Amino acid sequence: MRGIISAAGYLPHWRLQREAITQVLGTSAGKGQRCVASYDEDSLTMAVEAGRKVLADAPAAPPSAVWFCTTSPTYAEKTNATVAHAALRLGSEVIAADAGSGLRGPAAALRSALRSTDPAVLVLAGDVRTGLSGSVDEKDGGDAGAAVLVGEGAAGSEVAVIAEYLGGASATREFLDRWRSPGEVRTRSWEDRFGEQRYGDLAAQAWEAGLKDAGLDLDQLSKVAVVGPRPRAGAALVKKLGAAGVEVIDSLASSVGFAGAAQPLLMLTALIEQSQPGQVIALLAMADGADVFFFRVTDAAVTAATATTAVTVADQLEDGDNTLLYSKYLSWRNVLPVQPPNRPEPARMSAAAAERRLDWKYGFVGSKDRESSALHLPPARVSFVGGNIDDMDPAPMADIAATVATFTVDSLAYSPSPPVVFAVCDFAGGGRLPVELTDVRPADVSIGMTVEMTFRRLNTADGIANYFWKARPVRGQKTSLGQSETTEQN
Amino acid sequence: MASHGIKDQVAIIGMGCTQFKEHWDRSTDDLLIDAVTDTLASAGVEKDQVDAWWLGTAQSGMSGVTLAAPLKLQNKPVTRVENYCATGSEALRQACYAVASGAYDIAAAVGVEKVKDSGYQGLNAFPIPTDGTQRTLTAAGMFSLVAPAYADKYGIDPNELRRTLARIASKNHSNGAKNERAQFRREMSVDSICAMPAVAGMLSVFDCAGVADGAAAAIVVRAADAYKYTDKPIFVKALAMVAGNGSGLADPDFDYTHFDECEAAGKDAYAQAGITNPRTELAMAEVHDCFTPTELVLMEDLGFSARGEAWKDVEAGAFDLHGDLPINTDGGLKSFGHPVGASGLRMLFECWLQLRHEAPADRQIATADRGLALTHNLGGYPGDMVSFVGIWGNRLG
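Residues numbered from 1 in each chain as written. Chains lettered and ligands numbered in written order. Predicted model: local features only at pLDDT ≥ 70, side-chain atom pairs only at ≥ 80, totals over all residues.

K.L.:
Help me understand the overall build of chain A in this model?
P.N.:
The helix and strand inventory of chain A stands at 14 helices and 22 strands. Projected onto its principal axes, the C-alpha coordinates of chain A cover approximately 70 × 60 × 45 Å. When each of the 490 residues of chain A is scored for burial, the buried share is 53%. Within chain A, counting contacts between residues at least 6 apart in sequence, those at least 24 apart form 71% of the total. (Helix = DSSP H or I, 4+ residues; strand = E, 2+ residues; numbered from the N terminus. Buried ≥ 20, exposed ≤ 12 C-beta atoms within 10 Å, placed from the backbone. Contact = placed C-beta atoms within 7 Å.)

Here's what the structure looks like:
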C-alpha cells in the first residue's frame with residue numbers, strides 16, 4: 001500500500017492581524033490574520049521544522065530522496081534542498097533536490113513521490129509570501145512549512161500509511177496568470193477573471209480524470225482541500241462538491257494565509273488531521289495547471305494523531321503571538337529597513353569550516369566522552385573531563401529540551417532584529433550551550449524556563465545564508481495536553 | 001614541574017603612558033613613539049641601548065615591524081604578541097623572562113591599541129573564518145550574565161546588586177577624575193549610573209570600560225643592575241598566566257559567579273611572591289574591570305573577599321581610594337579607558353607611580369608602604385578567558 005506515511009505542518013510563532021495593516025495604511029486589509037516567518041526564518045528553516053516532525057513520526061521509514069519546494073528559495077544556482085538534507089541528518093546516499101521555483105513544485109513532487117518505487121520519499125515545502133505594502137499578497141499571504149513522507153506501508157508492519165493513495169490526475173496548459181522575477185517582493189498578475197476561468201477549466205478536467213483513475217464516485221468522498229493562488233479559482237467545482245455533500249475544508253485563509261508552495265502539503269496535512277479512518281479525501285491543487293490526489297485515511301492515522309508528539313496544524317494555530325506590529329513585520333521582510341546597532345555586520349561563514357562541522361552546524365550533533373559522559377557542545381576531540389582524546393560518540397541534541405540557567409538581553413550586539421536575547425541553556429541529561437533565543441519577548445524569559453532547539457538562519461553575508469540552531473520556548477504543544485508553562489507566560 | 005617565578009630577578013626602571021582617549025589626531029605610530037619616548041626618558045636610557053622589544057597589540061598591527069618601523073630600530077629583535085585583552089601584560093611578561101634568562105641586559109615591553117579608527121563603537125574582534133556558529137553576543141552581553149547569576153547564588157536583590165555595581169563604577173570614575181591621563185574624568189554618582197538605560201542585561205554603558213586609544217611601555221633590566229638607573233626601581237615579584245580551556249561554556253557546573261582562570265593565576269602569583277594574605281599584604285591592586293560585575297567577582301577570585309562577600313566589601317568602601325585595599329586607583333578600564341594592547345602596561349604604570357610615591361597628591365594611596373601591588377589583566381569571556389596576575393614591589397625581599 002502506497003501513500004502518506006507521515007505529514008506535518010509548521011506554522012511560525014508570529015501572527016500579523018490584518019487590522020494592524022489597516023491601522024497603518026488607513027485602508028481596510030480585511031479581517032483575520034496571517035502567519036509570519038520570523039526574521040530568522042525562511043523557506044528552508046520552516047521546511048526543516050516540518051521535516052523534523054515527519055521524520056520523528058516515522059523512524060522506520062528513512063527516505064531515499066528529498067524534494068524541496070518553494071517560491072522563495074535562499075539560493076539560485078546552488079541547490080537549497082541539501083541544507084535541509086544536512087539539518088535532517090540524512091545519509092549521503094539520499095538524493096536531495098529542489099522541485100523548481102514555481103507554485104506547482106509541491107504537486108509535482110508529491111505526484112512523483114507517489115509514483116516512485118522508492119520505499120520512502122520526503123517532500124518538503126516552505127514559503128515566505130511577500131508583497132508590496134498594502135497589496136493583496138501581503139495581507140492574504142502566509143508563511144509556513146510542511147512536509148509529507150510518502151512511501152510503502154502495510155498495516156501491522158513497522159511502517160504504516162496514514163492515507164492510502166487511491167489515484168489522481170493532472171491537467172496542464174500554459175497561460176499567464178501570476179508572475180514574479182527572482183528576488184522581487186512583488187508578484188504581478190493578469191486580470192483576475194482570466195486566471196479564474198482557466199483554473200476552473202483545468203480543475204474540472206483534472207477532477208474528472210482523477211476520479212476515473214481512482215475508480216471513485218463523487219458520493220464516496222468525504223472531504224476535499226482546495227488550494228489555489230486565487231480564492232475564487234475552482235469555485236464552480238467547489239460549488240458542485242458542496243451540492244454533493246462533500247465538505248470543502250477551511251482554506252486557512254483567515255488564520256494562516258495562502259502559504260504558496262507550502263499550501264498544498266499544509267492543506268493535505270490539515271485534511272488528514274481532520275478526517276476519520278475509512279474516509280476518502282481529496283487534494284485539489286491549482287498552480288499553472290491542476291493536480292488532484294485521492295486518498296483513503298487508514299486506522300494508522302488514529303495512532304499517529306494520538307501520539308503525544310503529534311502537534312496538529314490546529315494546535316499550532318492556538319499557540320502563537322498575535323501581537324506582531326506591522327512595522328516589525330515590514331522590517332523583517334526588509335520592506336522597511338531599520339537602523340542596526342553600530343557594530344560590524346557578521347563576516348560570511350567559511351564554506352570549508354562549515355563543511356568540516358556539518359553535523360554540528362546543520363544537525364546540532366555534539367559529542368559525548370565515553371568515559372566521563374561529559375557532553376561537548378560543540379563537539380570536541382579532547383574531553384574537558386579527564387582529558388581523553390578521540391574517545392567520543394556523536395550526541396544528537398536537536399530534539400533534547402533544555403533549561404535556561406542564566407540569560408541576558410543585548411541591545412549592542414548585531415542582529416537583524418535587535419535586541420539579542422541570549423541564554424545559557426542546560427540540556428536534559430547533560431550538555432550546555434550559551435545560545436541565542438528566538439520567538440520570545442525579552443520580558444518573558446526567566447531562569448528555569450524550558451526551551452527547545454529550532455533551525456534558523458542567523459544572518460546573511462555576501463549572499464551566503466548562515467544557518468544554525470537557536471533555542472525557543474517550548475511551543476506547539478497539543479492543545480489537548482494544555483498550554484506549556486512557558487506559553488502561559490506570554 | 002613547577003611554576004618557580006622570577007621573584008626579585010628583574011626590575012622595571014622606567015615607564016611611560018600616553019593619555020588614553022579618542023586620539024583622532026594620533027596614529028598607532030604616533031602613540032608608540034610618544035609612549036616609548038617618555039619611557040626611555042623615564043629610564044634614562046637611549047633607544048639603541050634596548051636590546052630586545054616586545055610589542056603587545058591585539059589588532060592594531062601585525063609583527064614586530066609595527067614597532068620597529070615607526071621607531072626606526074636598528075637590527076633589534078621585536079616580537080609582537082597577542083593574548084586577547086591581556087596582550088599588554090603578555091608583552092611585559094615576555095620582556096621580563098628575556099632579561100631573567102640572561103639573554104638580554106635591557107628589554108622593553110610596549111603596548112598599543114588604536115581602536116577608534118574602526119568606525120564602530122566598542123571593541124570588535126578581527127573576523128577569523130569560522131563555520132558561522134559562534135555566538136555573536138557583545139562582551140558586555142557575555143559579562144552581563146554574571147550579575148543575575150551572582151544575585152541568585154547569594155540571595156541578593158537584583159536592585160541592590162545594581163547599586164553595588166554602580167558603586168564600583170562610581171568609585172572608578174572618582175579615581176579617574178583625579179587622573180590627567182584618564183579618558184573619563186567626570187565623577188558619576190551611584191544614582192546617576194543606576195538611572196542609565198540598560199544595554200546588556202542590567203548593565204548600562206556606564207558599567208562598561210571606556211574604549212580609548214593609547215600606549216604604554218616599560219623598560220626591564222636585571223634587578224642587580226636596577227639601581228644604576230633609578231633609586232626607586234620596581235621589582236618583579238610574580239608573573240602568572242592562565243589560558244582557560246573554554247570548558248566553562250560547555251560545563252553545566254560553571255555558574256558564572258567566578259572566573260577559574262583568574263583564581264588560578266592569582267594563586268600561582270601569590271605562591272611566587274610568597275603572599276599569604278593578599279588583602280592585608282598588598283598596598284593596592286589594578287584589576288581588569290572591563291565591566292562592573294567583573295571587578296565584583298575578581299575581588300573574590302583574587303582572594304580580597306570571601307566568596308559571596310565582595311558586594312558587602314564594596315558597599316563598605318574597602319576598595320575605595322582610601323579603603324583598606326585600594327582598587328583601580330587610576331580609574332581602571334572603566335574610567336582610564338581600555339586600549340587593549342596597552343591596558344596591562346597601564347596597570348603597571350599606576351603601580352609604578354603609587355609604589356614610588358609619585359602619584360598626584362589627591363590620589364596617592366596611604367597604603368603604599370606595604371610595598372606590594374598587583375596587576376590583574378584578563379581577556380575573553382566568562383568561562384572562556386585568559387588571565388594574567390603580576391605582583392610588583394618597591395623593595396627586594
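K.L.:
Even after reading the chapter, I still don't get helix H2 (residues 43-57) of chain A, so can you show me in this structure?
P.N.:
For the α-helix, the turn length of 3.6 residues means that residues three or four positions removed from each other point alike. Counted at 1.5 Å a residue, the expected span for H2 of chain A with its 15 residues is 21 Å, and the 22 Å between its end C-alpha atoms agrees. The element H2 of chain A is largely enclosed, with a buried count of 13 among its 15 residues. (Expected span 1.5 Å × (residues − 1).)

K.L.:
Is there a simple way to think about the UniProt feature "domain: Thiolase N-terminal" (unreviewed entry) in chain B in this case?
P.N.:
Look at the UniProt record and you will see "domain: Thiolase N-terminal" (unreviewed entry) annotated at residues 10-221 of chain B. Along residues 10-221 of chain B, the helical share is 36% and the strand share 16%, with 6 Å between the first and last C-alpha atoms. (UniProt positions renumbered as here; feature names shortened; annotations may be inferred.)

K.L.:
What is the right way to read the nonpolar core from this model?
P.N.:
Within soluble globular proteins, side chains that are nonpolar generally end up buried alongside one another. Counting residues in each nonpolar core, the largest one holds 294 residues, and the members touching the most others are Ala84, Val123, Leu124 and Leu284 of chain A together with Val110 of chain B. Looking at this core element by element, the count peaks at 10 residues for helix H15 (residues 340-355) of chain B. With near-sequence residues (within four places) excluded, leucine 284 of chain A lies in contact with Ala203, Trp207, Val224, Val226, Val227, Gly234, Ala290 and Val292 of chain A. (Core = buried A, V, L, I, M, F, W, Y, C linked by C-beta atoms within 7 Å.)

K.L.:
Would you mind showing me how to read the domain arrangement of chain B here?
P.N.:
It is common to give the size of an interface as the accessible area lost on bringing the parts into contact. All names here are of chain B. Its domain assignment divides chain B into domain 1 (10-117 + 213-234) and domain 2 (139-208 + 236-393). Relative placement of domain 1 and domain 2: their C-alpha centres are 24 Å apart. Taken together, the contacts link 36 residues of domain 1 with 33 residues of domain 2. When residues of the side of domain 1 that touches domain 2 are traced back to their parent elements, those giving at least two are strand S1 (10-17), helix H3 (87-100), strand S4 (106-113) and strand S5 (214-222). (Domains from an automatic or database assignment.)

K.L.:
In this structure, what is going on with the interface of chain B and chain A? I would like to understand it.
P.N.:
Taken residue by residue, the interface counts 31 residues in chain B and 35 residues in chain A. At the level of elements, helix H4 (139-144), helix H5 (146-154) and helix H9 (247-250) of chain B are the ones that each hand at least two residues to the side of chain B that touches chain A. Among the residues forming the side of chain B that touches chain A, the class breakdown is 14 nonpolar, 13 polar and four charged. (Nonpolar A, V, L, I, M, F, W, Y, C, P; charged D, E, K, R; others polar.)

K.L.:
Any chance you could explain the pairing of strand S8 (residues 163-171) of chain A here in plain terms?
P.N.:
Two faces, one strand: in a regular strand the side chains alternate between the faces of the sheet. All names here are of chain A. Across two bridges, the pairing between strand S1 (residues 2-10) and S8 is antiparallel. The residue of S8 that forms the bridge with glycine 3 is glutamate 164. Pairing geometry for S8 and strand S14 (residues 290-297), over eight bridges, is antiparallel. Residue pairing across strands places serine 170 opposite aspartate 291, the latter belonging to S14. (Pairing = 2+ DSSP bridges.)

K.L.:
Which parts of the structure should I look at to understand the UniProt feature "domain: Thiolase C-terminal" (unreviewed entry) in chain B?
P.N.:
With numbering aligned to this structure, UniProt lists the feature "domain: Thiolase C-terminal" (unreviewed entry) at residues 255-382 of chain B. The span residues 255-382 of chain B shows a helical share of 43% and a strand share of 10%, and its end C-alpha atoms are spaced 10 Å apart.

K.L.:
Explain the UniProt feature "domain: ChsH2 C-terminal OB-fold" (unreviewed entry) in chain A here, please?
P.N.:
The positions that UniProt labels "domain: ChsH2 C-terminal OB-fold" (unreviewed entry) are, in the present scheme, residues 401-456 of chain A. Along residues 401-456 of chain A, the helical share is 0% and the strand share 52%, with 17 Å between the first and last C-alpha atoms.

K.L.:
Help me understand the sheet that holds S8 of chain A, please; the structure alone is not making it clear to me.
P.N.:
Neighbouring strands of a sheet are bound in pairs by backbone hydrogen bonds; such pairs are parallel or else antiparallel. Residues and elements named next belong to chain A. Ordered by their spatial adjacency, 10 strands build an open sheet running S5-S4-S6-S7-S1-S8-S14-S13-S11-S12, and the pairing between neighbours is mixed. One side of each edge strand has no neighbouring strand; the edge strands of this open sheet are strand S5 (95-98) and strand S12 (247-248). Sheet strands touched by H2: S1, strand S4 (65-69), strand S6 (120-127) and strand S7 (144-152). Its angle to S7, the strand with the most contacts, is close to 40°. (Axes fitted to C-alpha atoms, helices over the stretch in contact; angles between N-to-C directions.)

K.L.:
Looking at this structure, how should I read the pairing of S14 of chain A?
P.N.:
Residue and element names in this part refer to chain A. With eight of eight residues buried, S14 lies mostly within the body of the structure. The two faces of S14 match: Ala290, Val292, Phe294 and Arg296 on one face and Asp291, Phe293, Phe295 and Val297 on the other face are all buried. With seven bridges connecting them, strand S13 (residues 280-286) and S14 associate as antiparallel partners. Note that in S14 the partner of leucine 284 across the bridge is valine 292. Joining the antiparallel neighbours S13 and S14 is a turn of three residues, in which aspartate 288 adopts a positive phi near 50°.

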